[in-house]
Amino acid sequence: MRVIAGTARSLPLKAPEGMGTRPTTDRIKETLFNMLQAYTPNSVFIDIFSGSGSIGIEALSRGARKAYFIENAAPAIDCIRQNLEFTKFTDRAVILKQDALGALHNIFEKEADIIFMDPPYEMGLEKQVLQILQNCHYVTGNTLIIVEADLTTDFSYVEDLGYRIDKEKKYKTNKHVFMSLQNERSL
């Protein structure tokens, strides 16, 4: 696992030991950030269920102004800290060592530009996070929300929560679902 592009390009990143996280592959990360290249520079990026921190670090490497890393597993937090120190992004990073559902209330930005989440599969956490985000002041019509999920995860409920699916990118075993508040920006 490595940083794909930007100021920290090609630097290797550590992943937490064990099966508690499943880091996004370099190929999928590259595809994701190719789609986000116009939105990432100078953005506020929130990485929920951060794991190794590789997604948020990729955003910082590509010019994000600030990145939040939300994770509650101690080995993953240690890994994020080491990766941020190694890539020299600690000054633009905020680590929230909390449960994701609680941490979302501890972000005090005027606006988040990109929110990425990669929750454990088949637990319904993405729906719970979306329910909370719909009432967070930093989620505006300009906020792009991306969920990494299993291919079989159903998102038919998002319209009832006030979101619209703008795009879906499928891979072999998972997908990225891009959404925003209804009647707002589209990708």
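See above for the structure.
Anyway, here's the lowdown on the structure attached to this text. (Residues numbered from 1 in each chain as written. Predicted model: local features only at pLDDT ≥ 70, side-chain atom pairs only at ≥ 80, totals over all residues. Heavy atoms only, no water.)

So, on to the packing of aromatic side chains. All chains considered together, the criterion is met by two aromatic pairs. When the ring of F33 is compared with that of F45, the centres are 6.2 Å apart and the planes differ by 25°; the resulting orientation is stacked. Of this pair, F33 sits in helix α1 (residues 26–36) while F45 sits in strand β1 (residues 44–48), and the two are twelve residues apart along the sequence. Taking relative accessible area as the criterion, F33 reaches 0% and is therefore assigned buried. (Phe/Tyr/Trp six-rings, centres within 6.5 Å; stacked < 30°, edge-to-face > 60°. Helix = DSSP H or I, 4+ residues; strand = E, 2+ residues; numbered from the N terminus. Buried < 20%, exposed > 50% of the residue type's maximum accessible area, 1.4 Å probe, protein only.)

The next subject is unusual backbone geometry. Trans peptide bonds make up the majority, and among non-glycine residues the majority have a negative phi. Although it is not a glycine, F49 adopts a positive phi angle of roughly 60°. Under the relative-accessibility criterion, F49 is labelled buried at 18%. The phi angle at K88 is positive, at roughly 65°, despite the residue not being glycine. Mapping K88 onto the fold places it in the loop between α3 (74–87) and β3 (93–97). You can call K88 exposed: its relative accessible area is 66%.

This part takes up the packing of α1 against helix α2 (residues 54–61). Any two packed helices are characterised by the angle at which their axes cross and by the distance between the axes. At a minimum axis separation of 11 Å, α1 and α2 run at an interaxial angle of 45°. In terms of orientation, α1 lies oblique with respect to α2. As α1 packs across α2, the resulting crossing turns out to be right-handed. From α1, K29, L32 and F33 reach across to α2, where they touch S54, I55, E58 and A59. (Axes fitted to C-alpha atoms, helices over the stretch in contact; angles between N-to-C directions. Parallel < 35°, antiparallel > 145°, perpendicular 65-115°, else oblique. Left-handed = near helix turned anticlockwise from the far one by under 90°. Contact = heavy atoms within 4.5 Å.)

Burial analysis of strand β7 (residues 174–181) places seven of its eight residues in the buried class, which makes it a mostly covered element. Of the pairings in the sheet, the one linking strand β5 (residues 144–150) to β7 comprises six bridges and is antiparallel in character. Across the sheet, the residue bridging to I145 is M179, located in β7. As paired elements, strand β6 (residues 163–170) and β7 share seven bridges and run antiparallel to each other. In the sheet register, I165 faces β7, and the bridge partner there is M179. The antiparallel hairpin formed by β6 and β7 contains three residues in its connecting segment. (Pairing = 2+ DSSP bridges.)

Here the focus is the pairing of strand β2 (residues 66–71). Counted residue by residue, β2 has five buried out of six residues, so it is predominantly covered. Two strands pair when backbone bridges link them, and β1 and β2 are joined in this way by five bridges, in the parallel orientation. Residue pairing for β2: I46 is matched across the bridge by Y68. Regarding topology, α2 serves as the crossover connection from β1 to the parallel β2, and that connection is right-handed. Sheet topology places β2 next to β3; five bridges connect them, and they run parallel. Looking at β3, one finds that A67 is bridged to A93. (Right-handed = clockwise from strand over helix to strand, strands pointing away.)

Honestly, it's all geometry; don't read function into it.
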